[in-house]
Amino acid sequence: MAPRLKIGVLGAGGIARRRTIPGMLRARHCRLVAVMDPADGGRVAAEVAAEFGVPRACASQGELLADPEVEAVYIASPVAAHAGQIVAAARAGKHVLCEKPLAMNLRQARRAVAACRRHGVVLQEGYMMTFHGAHQRAKELIDAGRLGRIVSMRAQLSCWYPPIPGAWRQDPRTGGGGALVDMATHLFDLLEYFAGPIRRVAARVGRLVHGYKSEDASTTLLEFRSGALATVDCFFCIPDEASRTRLEIYGSAGALLAEGTIGQGSGGKLEGVFDLGAAAYDAAQSKDVARRFRRVPFPRVNPYTAECDAFARAVLENRRPPRNGPERSLHLLDVVARAYESARTGRIIALRTPNRGGRT
């Protein structure tokens with residue numbers, strides 16, 4: 001039997017219950033041993049434990065962190081709690097897989113990262129979209145040179161998120177912001193996976209439809225160190241049925257177009273056209289070329305299962321996470337901070353933190 005990391009969950013409702021716990025239970029190197037959630041006086045934790053056959057539902061964070069069976073924690077609490085929970089877990093000697101964003105801001109994130117380094121525990125952030133089978137296949141084709149030099153990309157992720165009493169994402173004091181920090185960060189991470197480090201950003205945010213304090217609309221322009229450009233569109237005010245979550249990657253020799261691959265599932269479709277760029281200029285500029293694109297098959301991979309397994313293997317093998325380690329977390333929060341600065345000032349903003357975790 002493969003070695004398995006014994007994991008406890010802090011914040012067992014929400015995304016943990018819907019996606020991560022089901023994915024974790026299928027992970028080869030993970031064993032879920034405890035859950036904790038403060039909602040309804042611990043009722044949610046008890047329900048989750050019963051639903052998934054977890055041995056223990058803990059009444060408090062302290063109880064879970066004191067459990068000698070728990071070797072690592074998965075944190076899926078509201079983002080305002082992340083930094084404090086990471087520090088507490090590190091002090092208890094527990095390795096940490098934490099949902100994104102790692103903290104409310106760079107200052108909090110640096111404190112959390114320093115605690116994990118001081119206590120010698122692995123820290124990985126929960127950006128799971130690079131584990132999607134279509135995105136893995138796209139990366140292989142890009143690295144093989146089938147698209148030539150990457151010059152332009154576009155990624156979109158939107159949803160309908162109307163006002164909900166107490167929703168922490170709808171108040172920047174508890175969520176750090178709205179559509180940009182909550183969803184665009186996923187796409188910043190994904191596009192760097194394809195094209196390497198971001199070096200400058202420009203952004204616009206707004207409250208277009210909903211009346212809560214966080215932005216419900218964001219568009220970010222990214223400039224990569226390679227010179228490639230990209231746009232990232234993330235909105236809380238577009239109906240789910242109206243958004244196809246498209247990903248477009250254009251190079252000097254071809255393109256990849258994906259639909260339905262950005263999100264929490266493992267499906268969608270991927271199409272590509274390759275090995276172009278050698279023809280003469282076509283003065284007619286006929287754009288009816290959809291027939292040239294062909295379907296690109298990819299393996300069905302549960303991104304949450306793959307993410308949890310990557311974290312567990314890093315701990316069990318005593319090595320750094322393969323991609324979303326602490327340096328990368330600080331870099332992505334720098335991208336977020338600079339994007340909000342751009343939205344406030346109207347300027348294009350260069351990044352300040354080094355990027356050691358872009359394209360691999």
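Below you will find a few notes about this structure. Predicted model, so just to flag it, every value in this text is computed and none were measured. (Residues numbered from 1 in each chain as written. Predicted model: local features only at pLDDT ≥ 70, side-chain atom pairs only at ≥ 80, totals over all residues. Heavy atoms only, no water.)

1. Observations regarding the packing of helix 1 (residues 14-25) against helix 9 (residues 303-316)
For step 1, the next point in the chain: Two numbers describe how helix 1 lies on helix 9: the axes approach to 7 Å, and their chain directions differ by 65 degrees. Seen along the crossing, helix 1 lies across helix 9 with a hand that is right-handed. Residue-level contacts link Ile-15, Arg-19, Thr-20, Gly-23 and Met-24 of helix 1 to Tyr-304, Thr-305 and Cys-308 of helix 9.
For step 2, the next point in the chain: For the contact of helix 1 with helix 9, the residue count by class is four nonpolar, three polar and one charged. (Axes fitted to C-alpha atoms, helices over the stretch in contact; angles between N-to-C directions. Helix = DSSP H or I, 4+ residues; strand = E, 2+ residues; numbered from the N terminus. Left-handed = near helix turned anticlockwise from the far one by under 90°. Contact = heavy atoms within 4.5 Å. Nonpolar A, V, L, I, M, F, W, Y, C, P; charged D, E, K, R; others polar.)

2. Overview of the environment of Cys-234
For step 1, the next point in the chain: Relative to the assigned elements, Cys-234 resides in strand 10 (residues 229-235).
For step 2, the next point in the chain: Along the backbone, Cys-234 and Arg-207 are 27 residues apart, and their C-alpha atoms lie at a distance of 12 Å.

3. Description of the packing of aromatic side chains
For step 1, the next point in the chain: Taken as a whole and judged by the stated rule, the model has three aromatic pairs.
For step 2, the next point in the chain: The structure contains a cluster of three or more aromatic residues connected by ring pairs, namely Tyr-161, Tyr-212 and Phe-236.
For step 3, the next point in the chain: Across from the ring centre of Tyr-193, 5.3 Å away, lies the NZ or CZ of Lys-139, which sits over that ring. (Phe/Tyr/Trp six-rings, centres within 6.5 Å; stacked < 30°, edge-to-face > 60°. Lys NZ or Arg CZ within 6 Å of the ring centre and 35° of its normal.)

4. Some remarks on helix 2 (residues 43-52)
For step 1, the next point in the chain: Within helix 2, burial applies to Val-44, Ala-45, Val-48, Ala-49 and Phe-52. Axial view of helix 2: buried residues confined to an arc of 135 degrees, hence all on one face.
For step 2, the next point in the chain: If you follow the buried residues of helix 2, they end up packed against helix 1, strand 2 (30-36) and strand 3 (56-58). (Buried < 20%, exposed > 50% of the residue type's maximum accessible area, 1.4 Å probe, protein only. Arc of directions from axis to C-beta.)

5. Some words on the sheet that holds strand 3
For step 1, the next point in the chain: Reading across from one edge, 3-2-1-4-5-6 is the order of the six strands in this open sheet, with parallel pairing throughout. Each edge of the open sheet is held by one strand with a lone partner, namely strand 3 and strand 6 (123-126). Put simply, the sheet's adjacent strands are angled 25 degrees from each other on average, direction ignored.
For step 2, the next point in the chain: Summarising the sheet, strand 2 and strand 3 pair through three bridges and their orientation is parallel. Its bridge partner lying in strand 3, Ala-34 is registered against Arg-56.
For step 3, the next point in the chain: Where helix 1 meets the sheet, its contacts fall on strand 1 (5-10), strand 2, strand 4 (72-75) and strand 5 (95-99), and the angle it forms with strand 2 comes to roughly 155 degrees. (Pairing = 2+ DSSP bridges.)

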